[in-house]
Amino acid sequence: MSDNMNHKQEAGGTRPVRHRFGMAVDLDRCNGCGACMLACSVENNIAPVPEEADDRKGITWIRVYRARNGAAFPEARTVFVPVLCQQCGHHTPCVSVCPQQAVDVDQETGIVGQIPERCLGCRYCMAACPYHARYFNWWDPVWPKGLEKTLNPAVAPRMRGVVEKCNLCHGRLQAAQAKAAAEGRRDVRAEDYQPACVEACPTGALVFGDLNDAASQVSQLARGPNSFRLLERLKTEPNTYYRSKRRWVRELAAQGVTRKEESVG
Amino acid sequence: MKQTLIDRRHILKFLGGSALGTALTPLPWKVLDDVSIWTQNWSWIPVPPKGEKLVRHTTCALCPAGCGVKVSCIGAQPVGLFGLPGHPTSRGFLCPAGLLGHHLPYDPRRVAQPSRLMAESRRALPAEQILSELGKGLARLKADPAAGRVAIIDSLPGRSTSIAYRRLASQFTGGAYIVPPDPVRRSLGVFDGIAGEAYPELGIDVKRARMIVSFGADLLEGWGTPARLLSGRQASDQGPLLTQIEPRYSNTAAMADSWLPVRPGSELMAALGLAAVLVNEKLFPADLLPSVQALNEMADFRELLAALPPSRCGDLCGISPEAVARTAREMAAHFPSLALVGGNCSGGPFDKNDHLAINFLNLMTGAAGGEGGIVPRRSLPDPDFDVEGAELASPTDLSQVPDESIAFLVIDSTVPRQAIPSALIQRKLVPGEAVVLAFASGTQYSDLSPYVLPVPLYLEAFQEIPTPSDSPVASCSFSVPLVPAPPAAVSSVQWLNRLASSARLDWPELSDDSLADARIKGIWSCKRGSVYGYSDGTAKANSDFASAGELTTVFKSGACWLDSPADAVKPQLTGSAYFRPETWGRLRRAVNQGIEVVSKQTNDGVIVMPFSTALATTIASPLAAKLTRESDLYARPGVAVISPSTAGRLALQEGQKAEIETSNGCLRVRIRLDESTAPGMVFVPVSESDASGAHPDPRNVCEISEDGVWRATPAKLRRLDV
């Protein structure tokens, strides 16, 4: 785990951010129900793509993967791993490759934002993202007749040809900012809102908060002994932490890194 | 002085320089940017509705759990559903199907018109024509009971609407009011009557249990009220210790502290093997000693437990003897420990002997009647309306109805699941002559029902949610209408009124409002419990409501009533079935049969087990199908999950087409390999949302026993594309 948890991160390797909104994912609590994926789709107006879409062409800003320990029955075991944009805090790969400045890091919150109106659809960011957390709109967003009435007015549907990804529910953040402004505060805090996936998670596996606030639950969970981040060796300083008491789950991540490093070497 | 001449070269240089300079300015990027923005505003991209954002509260009516729901609305239109954190039972939980509840009215498979199946196609017909045809049929059966019986299947028993169904059934000689197989109710039925008349029902105090041994109950997915257990696990990292005993590596098994993958059909032996350890090692609570001594006087009891030491039990169940002994000792070390009987929600129920054997563990751990176990509860107060003189048919199980005896069947499909396989219902119908009518909003039993009358969906009508089977106290809440139902969709009570009128039955005119008011009046009159209102976030004692009307107003804003906990009651366990010698004789015979079944499994063939998931509903959001397609969290319809070793033995590969052949027919599947699947097992998902026939219900090819159990079926599996 990184030792600079309490230091302000540099987004894109340049400027410090005021808050560092991030998430702690407890893999021992995730039961793989997919409620987070559905809540995200409803909240962010992600269209039900045609039937030919698969896990590569479909859009799901948060995707729960099933990882196995590789053993055979009866020792086979499974863990469910929710993967969303890791909100990289340092040399954010998608930011540096975007020719359109359609990706930026919010200096207030540390959230890596995607501006679909600027996106050319070149998909450099998808190639650059080591977490496969970006999705391309292969189709126009189409909902069955009548279902368009249920769209969330806080989020505009994106059209075919642009990339999109998790922005920790920007619509909710804006609503929280408006509420904070109405209360005379200029600063929006992590407690002011929750992303839809966090609200929907029935097991409490997802915890959202400000990683710069050492007293916050997310910060404490991130510092826990069983905490780790995905692909830490890339030094992208993700703001999404994972934790598991199961040794094989942690070893699985470590093994992946070792293999990769060996092949590079 | 030399004159400056502008020649062609200068012009070209200027143009070239200008072009180069422009490329280095933001202008091209601005143009590109504007084009990008412009191309995002095509007329066919839907524009979300605009309006004031409101939050309303209701209760989910998609299953009997009755979770509290926070509804985000734009004007009157729901745009998002989330669990209600302050709800006393669901505590913010909402399952994946519940999160998508507001999409259901727009499912293209939504039934919005009365229809009849004619020449293998469904045709919309005027309601009067259908009611006239059905009315004549009912009148004929009233006059001639020998032609067959009238039966009603109620998908959500215990509502005030259920009284209307029971009343209709009682109008006919041999009329049957059928409730679907509920694993919780079946399980608790073993202890019926132990708490006396004041507490005629039993619930489960999961929250205070320190260990749960679950026999196939998908506790962390959809069993009972999942929030009760999930909230306990959320509250601390420890939560109750969970041991999952089931053949399939379900998501609950994946999350459990330990998983014992027993052979299908051996759960009864596993339970008795655990009980044998508890009895032989005297690990039961000390106050149970007289009970155990009484039990030891029965020869069948002694011999049965002596025949199942951990070594023998482990051998029969396919697990290690150490696992049997360890689990029993853990149960003893974690009183109150609780044994729960599941059976995947549509996958297949356990039989009566399984329930008896597994619940004996609750007797031996002191969980029967104790804190953190099976607790007495009062009934939901009866609706306060005049039913004097009216007979009400008693609830019965479909397996109790003789085969080929139902001539007229009404299926209520309020809960969008097919809890009973069509094949089991078909077996009960008079061949070739039976009339089946479904009150449906989706594709429930569309293969069975020539007649379908549309009813409102969840969020379209005021629907009562009675006490969930596992609740430790009685409860009641209502689902509030937030969107209009299609004009032709009226409630099943209204259809019953018109049907009874058409058949000229002696029938009081009922209305949904009068039934709901009667229920609320009944609750108000009992003066017990508290009402949790969410519009103002308060809990108020029931006795503080000045009138039933005041209570009705609160219920219509999505409130929930919870009964006060039962007084300390000493359950009379000696009155239960376990203290009758015939019970142990019966269990002994069941064990012998089980040994026979298990030994066959060991020798040859494969065993087919259907299973269902939270998203397998008969009407669904397209996002549910998207989730299934784009992740492997839920098995896709039409697959058969087998282990790589079974695939190797049968020369099958991932993705290949194959056929499952049982004594009841064949099922075409696509092979999916899974390392966590036991060799010799074939798990097939029940795809209830599929009405196209592309993926038939796998339960229909399973062997369904006399008592309506279809858990495991011997079969042959072979590849098709050779």
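A quick note: this is a predicted structure, and the numbers were derived from the prediction, not measured. (Residues numbered from 1 in each chain as written. Chains lettered and ligands numbered in written order. Predicted model: local features only at pLDDT ≥ 70, side-chain atom pairs only at ≥ 80, totals over all residues. Heavy atoms only, no water.)

Digging into the overall build of chain B
Secondary structure assignment for chain B yields 21 helices and 28 strands. Radius of gyration (C-alpha) of chain B: 30 Å, near the 27 Å computed for a compact globule of 722 residues. If you line up chain B on its principal axes, its C-alpha atoms span 135 × 65 × 60 Å. A burial count over chain B gives 58% of its 722 residues as buried. Taking as baseline every contact in chain B between residues at least 6 positions apart, the subset at least 24 positions apart corresponds to 73%. Put simply, chain B shows about 28,800 Å² of open surface, and 53% of that area lies on carbon and sulfur atoms. (Helix = DSSP H or I, 4+ residues; strand = E, 2+ residues; numbered from the N terminus. Rg over C-alpha atoms; globule rule 2.2 N^0.38 Å. Buried < 20%, exposed > 50% of the residue type's maximum accessible area, 1.4 Å probe, protein only. Contact = heavy atoms within 4.5 Å. Areas by Shrake-Rupley, 256 points an atom, 1.4 Å probe, with all protein chains shown as cover.)

Some details on the sheet that holds strand E22 (residues 560–562) of chain B
Residues and elements named next belong to chain B. One open sheet holds the 5 strands; their spatial order is E18-E19-E22-E20-E21, and the pairing between them is antiparallel. At either margin of the open sheet sits one strand with a lone partner, and together these are strand E18 (463–465) and strand E21 (538–541). In this sheet, adjacent strand axes meet at a mean angle of 20° when their direction is disregarded. In the sheet, strand E19 (residues 475–479) pairs with E22 via 3 bridges, with the strands oriented antiparallel. If you follow Ser475 over to E22, its bridge partner there is Leu562. With respect to the sheet, helix H17 (residues 512–526) is in contact with E18, E19 and E22, its orientation differing from that of E19 by roughly 150°. (Pairing = 2+ DSSP bridges. Axes fitted to C-alpha atoms, helices over the stretch in contact; angles between N-to-C directions.)

Digging into the pattern of salt bridges
Applying the stated criterion across every chain, the model contains 41 salt bridges over all chains. The partner of Arg229(A) in a salt bridge is Glu232(A), with the nearest N and O atoms 3.4 Å apart. Since its relative accessible area comes to 25%, Glu232(A) is described here as partly exposed. Residue Glu201(B) pairs with Arg377(B) through a salt bridge whose shortest N-O separation is 2.9 Å. You can see Glu201(B) sitting in strand E8 (residues 201–204) and its partner Arg377(B) sitting in strand E13 (residues 374–377), a full 176 residues away along the chain. In the salt-bridge network here, residues are joined through shared partners; they are Glu43(A), Arg172(A), Glu199(A) and Lys70(B). (Salt bridge = Lys/Arg side-chain N within 4 Å of Asp/Glu carboxyl O.)

Brief notes about the domain arrangement of chain B
One can read the domain layout of chain B as domain 1 (8–41), domain 2 (53–106), domain 3 (115–182 + 380–562), domain 4 (201–377) and domain 5 (602–719). Look at where the C-alpha atoms of domain 1 of chain B and domain 3 of chain B centre, and you get two points 70 Å apart. (Domains from an automatic or database assignment.)

Some thoughts on the packing of H17(B) against helix H18 (residues 548–555) of chain B
Residue and element names in this part refer to chain B. Between H17 and H18, the shortest axis-to-axis distance is 9 Å and the interhelical angle comes to 115°. One element, H17, and the other, H18, form an angle in the roughly perpendicular class. Regarding H17 and H18, the two cross each other, and that crossing is right-handed. Residues Asp517, Ile520, Lys521, Ile523 and Trp524 of H17 form the contact with H18, whose own contacting residues are Ala548, Leu551, Thr552 and Phe555. Among the residues forming the contact of H17 with H18, the class breakdown is 6 nonpolar, 1 polar and 2 charged. (Parallel < 35°, antiparallel > 145°, perpendicular 65-115°, else oblique. Left-handed = near helix turned anticlockwise from the far one by under 90°. Nonpolar A, V, L, I, M, F, W, Y, C, P; charged D, E, K, R; others polar.)

So, the side chain of His19(A)
Residues and elements named next belong to chain A. The residue His19 is located in the loop between strand E2 (15–16) and strand E3 (21–26) in this model. Assessed through its relative accessible area of 10%, His19 is described here as buried. A polar side-chain atom of His19 sits 3.5 Å from the main-chain carbonyl oxygen of Val188. Those residues within four positions of His19 in sequence are excluded, and the remaining contacts are Glu108, Thr109, Gly110, Asp187, Val188, Asp210 and Asn212. (Polar contact = N/O pair within 3.5 Å; in protein donor to acceptor, adjacent residues only side chain to side chain.)

Points about the packing of aromatic side chains
Inspection of every chain in the model, using the stated rule, returns 15 aromatic pairs over all chains. Arranged with centres 6.1 Å apart and planes meeting at 25°, the rings of Phe228(A) and Tyr242(A) form a pair that is stacked. In this pair, Phe228(A) sits in strand E11 (residues 227–228) while Tyr242(A) sits in strand E12 (residues 240–243), placing the two residues 14 residues apart along the sequence. With respect to burial, Phe228(A) and Tyr242(A) carry one shared label: buried. When the ring of Phe191(B) is compared with that of Tyr578(B), the centres are 5.9 Å apart and the planes differ by 50°; the resulting orientation is tilted. Of this pair, Phe191(B) sits in the loop between helix H6 (183–188) and E8 while Tyr578(B) sits in the loop between E22 and helix H19 (581–603), placing them 387 residues apart in sequence. One exposure class covers both Phe191(B) and Tyr578(B), and it is buried. (Phe/Tyr/Trp six-rings, centres within 6.5 Å; stacked < 30°, edge-to-face > 60°.)

A few points about the nonpolar core
All names here are of chain B. Among the nonpolar cores identified, the biggest contains 167 residues, and Phe191, Phe215, Leu295, Tyr578 and Trp584 are the most heavily contacted of them. Among the elements that take part in this core, helix H9 (residues 267–280) stands out by supplying 11 residues, more than any other. Among the nonpolar cores identified, the runner-up in size contains 37 residues, and Ile130, Leu131, Leu138 and Trp507 belong to it. (Core = buried A, V, L, I, M, F, W, Y, C linked by side-chain atoms within 4.5 Å.)

A look at helix H14 (residues 352–364) of chain B
All names here are of chain B. With 13 residues, H14 extends 19 Å from end C-alpha to end C-alpha; this agrees with the ideal 18 Å at 1.5 Å per step. Most of H14 is tucked away: 12 of the 13 residues are buried. Where H14 begins, the side chain of Asp351 points an oxygen toward the backbone nitrogen of Asn353, at a separation of 3.1 Å. In the stretch just after H14, Gly366 is the one whose phi turns positive, near 80°. (Expected span 1.5 Å × (residues − 1).)

Considering the interface of chain A and chain B
With 73 residues of chain A at the interface, the matching set in chain B holds 60 residues. Interface of chain A and chain B: buried area, both sides summed, is about 5,500 Å²; carbon and sulfur atoms make up 59% of it. Put simply, Glu630(B) and Arg63(A) hold a salt bridge, and the shortest N to O gap is 3.6 Å. Linking chain A with chain B are 12 residue pairs in polar contact (both at pLDDT 80 or more), by the criterion used here. Contributions of two or more residues to the side of chain A that touches chain B are made by helix H1 (35–43), strand E4 (63–68), strand E5 (78–83) and helix H5 (196–200) of chain A. If you tally residues by element for the side of chain A that touches chain B, the top one is H1(A), at 7 residues. Tallied by class, the residues present in the side of chain A that touches chain B amount to 38 nonpolar, 14 polar and 21 charged. (Buried area = accessible area lost by both parts, 1.4 Å probe.)

Focus: a nonpolar patch on the surface
Judged by side-chain polarity, Ile6(B), Ile11(B), Leu12(B), Phe14(B) and Leu15(B) come together as a nonpolar surface patch covering roughly 570 Å² of accessible area. When you line up the elements, Leu15(B) lands in helix H1 (residues 8–24). (Patch = residues over 30% accessible without salt bridge, like charges linked within 9 Å, V, L, I, M, F, W, Y side chains within 5 Å.)

As for the sheet that holds strand E2 (residues 68–74) of chain B
All names here are of chain B. Here we have 3 strands laid out as an open sheet, ordered E1-E2-E3, and antiparallel in their pairing. Unpaired on one side and paired on the other, strand E1 (53–59) and strand E3 (77–83) mark the two borders of the sheet. Adjacent strand axes in the sheet meet at a mean angle of 30°, parallel and antiparallel pairs treated alike. Relative to E2, E1 is paired through 7 bridges, and the arrangement is antiparallel. Paired with Val55 across the two strands is Ser72, which belongs to E2.

Some remarks on the packing of H9(B) against helix H12 (residues 310–317) of chain B
Residue and element names in this part refer to chain B. Close contact between H9 and H12 brings their axes to 9 Å; oriented N to C, the two are set at 165°. Taken together, the axes of H9 and H12 are roughly antiparallel relative to one another. Crossing hand, H9 versus H12: left-handed. On the side of H9, the interface is formed by Met269, Ala270, Gly273 and Val277, while H12 contributes Pro310, Cys313, Leu316 and Cys317.

Examining the confidence of the model for chain A
Residues and elements named next belong to chain A. In this model, chain A carries a mean pLDDT of 87, and residues with pLDDT of at least 70 account for 89%. Per-residue pLDDT, averaged within each element of chain A, yields its smallest value for strand E1 (residues 10–11) (44) and its largest for H1 (97). Overall, residues 1–12 carries pLDDT values under 50, and its contacts beyond four positions in sequence, including any with other chains, amount to 43 contacts. Overall, residues 256–265 carries pLDDT values under 50, and its contacts beyond four positions in sequence, including any with other chains, amount to 3 contacts. (pLDDT = per-residue confidence, 0-100.)

Focus on unusual backbone geometry
The omega torsion of the bond from Phe73(A) to Pro74(A) falls at 0°, within 30 degrees of zero and hence cis. Structurally, Pro74(A) is set in the loop between E4 and E5. The peptide bond linking Phe335(B) to Pro336(B) adopts the cis configuration, its omega dihedral lying at -5°. Looking at the secondary structure, you find Pro336(B) in the loop between helix H13 (321–333) and strand E12 (337–341).

Describing the pairing of E5(A)
All names here are of chain A. Most of E5 sits out of view: 6 of its 6 residues are buried. Side-chain alternation along E5 places Thr78, Phe80 and Pro82 on one buried face and Val79, Val81 and Val83 on a second face that is also buried. As defined by bridge partners, E4 adjoins E5 across 6 bridges and the pair is classed as antiparallel. Each bridged residue has a counterpart across the sheet, and for Val64 the counterpart in E5 is Pro82.

With respect to the environment of Leu278(B)
Residues and elements named next belong to chain B. When you line up the elements, Leu278 lands in helix H9. Residues Leu278 and Met331 lie 53 residues apart in sequence; the distance between their C-alpha atoms is 8.7 Å. Ignoring any residue separated from it by four or fewer positions in sequence, one finds Leu278 in contact with Leu283, Phe284, Ala328, Ala332, Leu361, Met364 and Thr365.

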